[in-house]
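Listed here are the chains, written in short residue letters.
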Amino acid sequence: MAMRLQLIEGIELLDKWAESATQARRNVMYEALFAISDGSAFLIYDIFGDPADRGIFVVVVKPDLVLKVLLQRADSSFAIRYVGLPDGEAAGLGSEVGPPLEEPSSPDGA
């Protein structure tokens, strides 16, 4: 049974990323967000847990585009924590990319 989730945080990160993204990249990102909210993301995308924070999941939207979300099962919600290049690629590009669009999760991981 799929879990339906509501996006509760991170719209600002998404909006900031979308300002410089192409329409095609915005479209695939929005599709991924809808898949997360309707519970089908695990069937469509490669998703990895973040070893540093067990509530964070990394969704590989495209090979050069990832989305980190904080899953809050207790209230059936999720929050966007990062949108952009995979960490390794962003580090290798130096000044070609700005600072990562990331928000820390809460101290208790929820």
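Preceding this section is the structure that the text describes.
First things first, this report covers the structure right here in the doc. (Residues numbered from 1 in each chain as written. Predicted model: local features only at pLDDT ≥ 70, side-chain atom pairs only at ≥ 80, totals over all residues. Heavy atoms only, no water.)

## Overview of the overall build of the chain
Along the backbone of the chain there are four helices and six strands. Ordered by position from N to C terminus, the α and β elements of the chain give β-α-α-α-β-β-β-β-α-β. Going through the 110 residues of the chain one by one, you find that 39% of them count as buried. Long-range pairs, those at least 24 residues apart, make up 44% of the contacts in the chain with a sequence separation of at least 6. Surface exposure of the chain reaches about 6,600 Å², of which carbon and sulfur atoms provide 56%. (Helix = DSSP H or I, 4+ residues; strand = E, 2+ residues; numbered from the N terminus. Buried < 20%, exposed > 50% of the residue type's maximum accessible area, 1.4 Å probe, protein only. Contact = heavy atoms within 4.5 Å. Areas by Shrake-Rupley, 256 points an atom, 1.4 Å probe, with all protein chains shown as cover.)

## Some details on the pairing of strand 5 (residues 77-84)
If a strand is regular, its side chains alternate between the two faces of the sheet. Taking burial as the measure, the eight residues of strand 5 include eight buried ones, the bulk of the element. Sheet analysis places strand 1 (residues 6-9) next to strand 5, joined by three bridges and oriented parallel. For Leu7, the partnering residue across the bridge sits in strand 5 and is Phe78. Bridge count for strand 4 (residues 65-72) against strand 5 is seven bridges, and the pairing is antiparallel. Looking at the pairing, Leu67 lines up with Val83 of strand 5. Linking two consecutive strands that pair antiparallel, namely strand 4 and strand 5, is a turn of four residues; a positive phi of about 50° is found at Ser76 within it. (Pairing = 2+ DSSP bridges.)

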